[in-house]
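Coordinate analysis (summary)
Given next are the chains, with one letter for each unit.
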Amino acid sequence: MSQETPLNHPYRGTKAQACANIALVKYWGKRNSELNLPAAGSLSLTLDKLRTTTSVYFDDKLSDDEFFLDDAPSTTKRLSPWLDIIRNRAGITTRARVVSNNGFPTSSGLASSASAFAALAVAASHAAGLQLSDSELSVLARRGSGSAARSIFSGLVEMHPGTEADGSDSLATSIASADDWQICMVIAIVGGGVKKSISSRQAMDHCSATSPLYQAWIDSVPPDIKSAKEAIGQRDLEKLGAITEGSAMAMHAAALASRPPIRYWQPATLACLNRVSELREEGISAYPTMDAGPHVKVLTSISESRRVADAMSELSEVSEVIISASGPGASLIA
Ligand code: DP6
């Protein structure tokens, strides 16, 4: 790696930003690891508060790709093969300097790979001189991380597993933009945003290989997506929330049944889930979901989000609470 760092190197490059998203109907399993093709669809909410900003500069002077994440040099193991896809497409061999900053804990089940590869798809394609549609950007982002395909779009988004062998139709589309239906997610961070013990990528592969509940999980996804889209069409938060909670619990049930088990849950996770159930008994629209980490994310309305956030904050071991409304799609900012 060269001695230049983002701190002493004059800023150059194409800059983009993208928001993370949280799946309401989860993606958990692949049908092709090489092309990163999901085994089933998924449905998500893009979140305004969880943003990644990334700049990409293709520089003839570089002998290797360079990656700085949150101001520290980082591994290019996942980045370089992905940049090769862009280079092949643009007909270039130039190495790139990539500088990325997350405004939230990285790699702890807060969907940082989603915003990361979505921002990267926009910045890198532009820096390489490619003019791509949102659908093409979604396909590219998916090659980096399945959930990233959804972060190209605003608000409520559907990921289509696709049928083509090359994955050209495995991409996301918009269902309702952030302006169409403003709903909210309250994120209760458990354990201070520590790095997760097993990545979602490794975990879903292990689950598909060993869990007796894996096929039942995959079979549950299409009807959940259909019902979730009906609920969105009707702006029915209660119906969407019930599917959201059910999909997350089914995904974690399949993961828990893996051999050996995959268990992201901490005692504080359960405390959050119990509190959300109580809130619902008190008449609040609050529906929990969880990803590959101990944090609990609660789908709710804008008007009830403060009450939900206060209830989460009162629990010991909840180190931080973030309230986020629906967010915009990925975009170029410089
Ligand atoms: C639990 O998108 O991180 O957050 O495609 O291997 O990069 P890769 O997986 P990734 O998986 C996300 C899993 C999840 C559920 C979801 O976001 O749908």
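Since we're looking at a predicted model, the values are computed, not measured.

Turning to the site of the ligand, a few remarks are in order. Around the ligand there are 18 residues in total, and Tyr27, Lys30, Ser145, Gly146 and Ser147 lie nearest to it. Serine 200 is positioned such that a nitrogen or oxygen atom in its side chain is 2.9 Å from an oxygen atom of the ligand. Here an oxygen atom of the ligand and a side-chain polar atom of arginine 201 are 2.7 Å apart. Surface burial for the ligand is 95%, taken as the share of its 460 Å² of free accessible area covered by protein chains. Per-element tally for the shell around the ligand: the top contributor is helix 4 (residues 200–210), with 3 residues. Considering only residue class, the shell around the ligand consists of 6 nonpolar, 6 polar and 6 charged. For the shell around the ligand, the domains that each give at least three residues are domain 1 (14–178) and domain 2 (183–325).

Further remarks concern the pattern of salt bridges. Tallying each qualifying case throughout the model produces 17 salt bridges. Arginine 97 serves as the salt-bridge partner of aspartate 59, at 3.9 Å between the closest nitrogen and oxygen. With a gap of 38 residues between them, aspartate 59 in the loop between strand 4 (42–58) and strand 5 (66–69) and arginine 97 in strand 7 (residues 96–102) connect regions that are remote in the sequence. There is no split in this pair, since aspartate 59 and arginine 97 are both buried. For glutamate 245, the salt bridge identified is with arginine 280, shortest N-O distance 2.8 Å.

Our next topic: the sheet that holds strand 13 (residues 318–325). Taken together, the 4 strands give an open sheet; going across it, the order is 11-12-10-13, and neighbouring strands pair in antiparallel fashion. Edge positions in the open sheet fall to strand 11 (286–289) and strand 13, since each of these has one partner strand only. Shown here is a sheet whose adjacent strand axes are inclined to one another by a mean of 20°, direction ignored. Judged from the 4 bridges that link them, strand 11 and strand 12 (residues 296–300) form a sheet pairing that is antiparallel. Paired with tyrosine 287 across the strands is leucine 299, a residue of strand 12. In the packing of helix 7 (residues 267–281) onto the sheet, contacts are made with strand 10 (184–190), strand 11, strand 12 and strand 13, and the angle to strand 11 comes to roughly 160°.

Looking now at the nonpolar core. Counting residues in each nonpolar core, the largest one holds 63 residues, and the members touching the most others are Trp28, Leu156, Leu240 and Leu299. The leading source of residues in this core is helix 5 (residues 214–233), at 8 residues. In this structure, this core is formed jointly by two domains, domain 1 (14–178) and domain 2 (183–325), each of which donates at least three residues.

Definitions and cut-offs
- Residues numbered from 1 in each chain as written.
- Predicted model: local features only at pLDDT ≥ 70, side-chain atom pairs only at ≥ 80, totals over all residues.
- Heavy atoms only, no water.
- Near = heavy atom within 4 Å.
- Polar contact = N/O pair within 3.5 Å; in protein donor to acceptor, adjacent residues only side chain to side chain.
- Areas by Shrake-Rupley, 256 points an atom, 1.4 Å probe, with all protein chains shown as cover.
- Helix = DSSP H or I, 4+ residues; strand = E, 2+ residues; numbered from the N terminus.
- Nonpolar A, V, L, I, M, F, W, Y, C, P; charged D, E, K, R; others polar.
- Domains from an automatic or database assignment.
- Salt bridge = Lys/Arg side-chain N within 4 Å of Asp/Glu carboxyl O.
- Buried < 20%, exposed > 50% of the residue type's maximum accessible area, 1.4 Å probe, protein only.
- Pairing = 2+ DSSP bridges.
- Axes fitted to C-alpha atoms, helices over the stretch in contact; angles between N-to-C directions.
- Contact = heavy atoms within 4.5 Å.
- Core = buried A, V, L, I, M, F, W, Y, C linked by side-chain atoms within 4.5 Å.

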